[in-house]
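Remarks on the overall topology
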Amino acid sequence: MPDDVALRWEQRLQTIASSLLTLEVNTILKDGMIGQKMPEAPMALHQILQEYREYTEPRLALTEPVLVAACGRLAGQGDAARYRGYLEAWAAGDRPAWPADLAPAPPDRPVGELTNGAESFEALHWIALALRRRMLAASAEAPPEARAAGQRHLALLTRIEENSRQLRGAAMMLERMFSAPSSPAQGEDPRLLALMRDPDVTATGGMPRLFGGTLDQTFAALSRHPRPVLAIDPDLTVLIRKAWELGLEEVLLQTTLSIGGDVLFRVAEMPDGQRAFLAELHRGAVDEGVRQWSMVFATLRDLLGLVTGSLFGRAAI
Amino acid sequence: MPPAAVARPALRDSLRLAWRLAVEGGITVVTPAEAPAIATLLQADGDMVVTVSRSLLAASPDARSGLLAAHVAGVRAVLDGSARLVRILGRLGTLLAALRLWGTLAGLGLSALPAASALRGNAPALIATWSLPSLLLPALAWLLRPALRFALIRAARGWT
């Protein structure tokens, strides 16, 4: 495991501890709940990716130039800014010229299957950004009722955009940890990363396609004997689990409490008959969360008392 | 939400819950288990996601209340289980931290010994000014505990 991605466990715990300073409770409504357990992280990433893409693809298809530019932005060191410039212009609705001196221009055709690697989430981030900008521009001229209906789509696009950015980082770290390095060297065609990944899962040894592989490659890597041991840092698991659980369901009620005392409560439109029950359920979850929160801080206070007591004879605080 | 009586979780259950929180990224409490209608994901960072089946909204108020009470009891049991482990681990951590503090103080004194012995022939004054106070530091801190505690309480009262 490379040193740059292998953060110490203390740092991982610190990440989780710092996120304890904010408590977020979301209530969502779902059709046909089956209580499915989250699959292993590589498959969960595939499922998240598939759900996001099923939402964006009918509205704006992902094409090879966008995917290759997303790869270039991740892979190229000095060239990342130029690929980013291309993506920025494309997301703004322009038809930017391809930076041909960096890589041959890819054909302008839709992309087939995606991998669960960082480049796919990077590409989806830009797709969602482009869609959101187009929707905002269109809603400025739309009648008020159409504008209200578009708010739900805007919220989902924002979620895809933000989650894709976070999952891109997670996918990058996981690929470095569990798969063979596949980032092309500077100046190399970034398509190597996205479109020409080595299909032979045994060629590079180890578990090359758990992350950064197509669904079949990931499945093959997971089905090998002996089964791969996926020791993934808790903060990454929490991130993937949250994105997988929320999916693209509409959040009806959301409460965010911060240790500083700020409380943010968001309510989506819902029928009157549902509001009372959902609000009661949500309030109950918030109450339990706050009770748990209080307990954690009471425990910390007790522990501080124990430390001072061990130093000064008896509890001083 | 009506309070629900929940038995004290066993340590084994607490360990299992903590393992699932860390490895699976959270625990989902589903009610009822055979036909999920309410599910709550509890995560290690304290966040929750409550998922409600749309079909539940068509159920009678009594049925919904019963499910809600059962679900809250389940969520509370999981939270109490993880809380118990937090307390146990916290106490262990505190014990280690306290031992480490005293070890550091003692180490400060002991670390002065090699330097003191090396310089013994040439710099008795240095031994007197550096090594001896370092050795006495832990003992001094121990003896002055009441005074330190008094000062700490006064300071705390002053701040509040």
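Located above this text is the structure these notes cover.
First things first, this report covers the structure right here in the doc.

Rules used in this analysis
- Residues numbered from 1 in each chain as written.
- Chains lettered and ligands numbered in written order.
- Predicted model: local features only at pLDDT ≥ 70, side-chain atom pairs only at ≥ 80, totals over all residues.
- Heavy atoms only, no water.
- Helix = DSSP H or I, 4+ residues; strand = E, 2+ residues; numbered from the N terminus.
- Buried < 20%, exposed > 50% of the residue type's maximum accessible area, 1.4 Å probe, protein only.
- Contact = heavy atoms within 4.5 Å.
- Areas by Shrake-Rupley, 256 points an atom, 1.4 Å probe, with all protein chains shown as cover.
- Core = buried A, V, L, I, M, F, W, Y, C linked by side-chain atoms within 4.5 Å.
- Salt bridge = Lys/Arg side-chain N within 4 Å of Asp/Glu carboxyl O.
- Pairing = 2+ DSSP bridges.
- Axes fitted to C-alpha atoms, helices over the stretch in contact; angles between N-to-C directions.
- Patch = residues over 30% accessible without salt bridge, like charges linked within 9 Å, V, L, I, M, F, W, Y side chains within 5 Å.
- Arc of directions from axis to C-beta.
- Polar contact = N/O pair within 3.5 Å; in protein donor to acceptor, adjacent residues only side chain to side chain.
- Phe/Tyr/Trp six-rings, centres within 6.5 Å; stacked < 30°, edge-to-face > 60°.
- Buried area = accessible area lost by both parts, 1.4 Å probe.
- Nonpolar A, V, L, I, M, F, W, Y, C, P; charged D, E, K, R; others polar.
- Parallel < 35°, antiparallel > 145°, perpendicular 65-115°, else oblique.
- Left-handed = near helix turned anticlockwise from the far one by under 90°.

Along the backbone of chain A there are 10 helices and 3 strands. The N-to-C order of helical and strand elements in chain A reads α-β-α-α-α-α-α-α-α-α-β-β-α. Buried positions account for 49% of the 317 residues belonging to chain A. For chain A, restricting intrachain contacts to residue pairs at least 6 apart in sequence, the fraction spanning at least 24 positions comes to 75%. Counting every atom, chain A has about 15400 Å² of accessible surface; 56% of that belongs to carbon and sulfur.

With that settled, the discussion passes to the nonpolar core. Ile 48, Trp 90, Leu 174, Phe 178, Phe 211, Ile 232 and Ile 240 of chain A are the most contacted members of the largest nonpolar core, which totals 55 residues. Elements with a contribution of two residues or more to this core: helix 2 (41-56), helix 3 (64-75), helix 4 (80-91), helix 5 (118-139), helix 6 (144-178), helix 8 (215-222) and helix 9 (234-246) of chain A. Per-element accounting of this core gives the leading share, 10 residues, to helix 5 of chain A. Among all residues touching Ile 48 of chain A, those that are not within four sequence positions of it are Phe 121, Leu 167, Ile 240, Ala 243 and Trp 244 of chain A. Counting residues in each nonpolar core, the second largest holds 31 residues, with Leu 257 and Phe 277 of chain A together with Met 48 and Val 50 of chain B among its members.

Attention now goes to the pattern of salt bridges. Side chains that carry opposite charge are capable of pairing whenever their charged atoms lie near each other. For the structure on display, the rule yields 20 salt bridges over all chains. The residue Glu 122 of chain A makes a salt bridge to Arg 73 of chain A at a minimum N-O spacing of 2.8 Å. Of the two residues, Glu 122 of chain A is situated in helix 5 and Arg 73 of chain A in helix 3; the sequence distance between them amounts to 49 residues. With relative accessibility at 0%, the residue Glu 122 of chain A sits in the buried group. Measuring nitrogen to oxygen at the nearest pair gives 3.7 Å for the salt bridge that ties Glu 88 of chain A to Arg 133 of chain A. Separated by 45 residues along the polypeptide, Glu 88 of chain A in helix 4 and Arg 133 of chain A in helix 5 bring together distant segments of the chain. A relative accessible area of 35% means that Arg 133 of chain A is categorised as partly exposed. Through salt bridges with shared partners, a single network forms among Glu 288 and Arg 291 of chain A together with Arg 76 and Asp 80 of chain B.

A word on the pairing of strand 1 (residues 27-31) of chain B. Residue and element names in this part refer to chain B. Going residue by residue along strand 1, you find Ile 27, Val 29 and Thr 31 tucked away on one face and Thr 28 and Val 30 left uncovered on the opposite face. Sheet analysis places strand 1 next to strand 2 (residues 38-42), joined by 5 bridges and oriented antiparallel. The residue bridging Thr 31 from the neighbouring strand is Ile 38, located in strand 2. Once strand 1 ends, the chain turns through 6 residues before running back antiparallel as strand 2.

A few words on the sheet that holds strand 1 of chain B. On the basis of which strands lie adjacent, the open sheet formed by 6 strands has the order 3(A)-2(A)-1(A)-3(B)-2(B)-1(B) and mixed pairing. Across the chains shown, the open sheet's two edge strands, defined by having one partner strand only, are strand 3 (263-267) of chain A together with strand 1 of chain B. Between one strand axis and the next, the sheet turns through 10° on average, direction left out of account. Here strand 1 (residues 22-30) of chain A runs beside strand 3 (residues 48-53) of chain B; their pairing, made up of 6 bridges, is parallel.

This part takes up a nonpolar patch on the surface. A surface patch of nonpolar side chains, amounting to about 260 Å² of accessible area, comprises Ile 88, Leu 89 and Leu 92 of chain B. Note that Leu 89 of chain B resides in helix 2 (residues 61-118).

Residues and elements named next belong to chain A. Within helix 8, burial applies to Gln 217, Thr 218, Ala 221 and Leu 222. One side of helix 8 holds all its buried residues, which, seen down the axis, span an arc of 130°. Turned more than 90 degrees off the buried face of helix 8, the exposed positions are Asp 216 and Phe 219. Turning to helix 8, the residues buried within the fold contact helix 2.

Residue and element names in this part refer to chain A. Locating Glu 113 in the fold gives a position in the loop between helix 4 and helix 5. In this structure, the C-alpha to C-alpha distance between Glu 113 and Arg 159, residues 46 residues apart in sequence, is 22 Å. A distance of 3.4 Å separates a polar side-chain atom of Glu 113 from the backbone nitrogen of Leu 215.

This paragraph deals with the packing of aromatic side chains. Working definition: an aromatic ring pair is given by the centre-to-centre distance plus the angle between the planes. Residues and elements named next belong to chain A. One pass over the full model with this rule turns up 3 aromatic pairs over all chains. On the numbers, 5.1 Å between centres and 80° between planes, the contact of Tyr 86 with Trp 98 is edge-to-face. Taken together, the residues Tyr 86 in helix 4 and Trp 98 in the loop between helix 4 and helix 5 connect sequence positions 12 residues apart. Across the pair, exposure class does not vary: Tyr 86 and Trp 98 are buried alike.

The next point concerns the interface of chain B and chain A. Contact with chain B, which involves 48 residues of that partner, is made by 48 residues of chain A. A buried area of about 4700 Å², summed over both sides, lies between chain B and chain A, and 64% of it is on carbon and sulfur atoms. Counting every contact that joins chain B to chain A gives 6 salt bridges. A salt bridge links Glu 288 of chain A to Arg 76 of chain B, with the nearest nitrogen and oxygen atoms 2.4 Å apart. Looking at the side of chain B that touches chain A, the element that brings in the most residues is helix 2 of chain B, giving 16 residues. Considered class by class, the residues forming the side of chain B that touches chain A number 27 nonpolar, 10 polar and 11 charged.

Residues and elements named next belong to chain A. For the pair helix 6 and helix 9, the least separation of the axes is 10 Å and the interaxial angle reads 140°. The angle between the axes of helix 6 and helix 9 places the two elements in the oblique class. Helix 9 is crossed by helix 6, and the crossing has left-handed handedness. Listed contacts from helix 9 to Arg 159, Asn 163, Gln 166, Leu 167, Ala 170, Met 173, Leu 174 and Met 177 of helix 6 are Leu 236, Leu 239, Ile 240, Ala 243 and Leu 246. Of the residues that constitute the contact of helix 6 with helix 9, the class distribution is 10 nonpolar, 2 polar and 1 charged.

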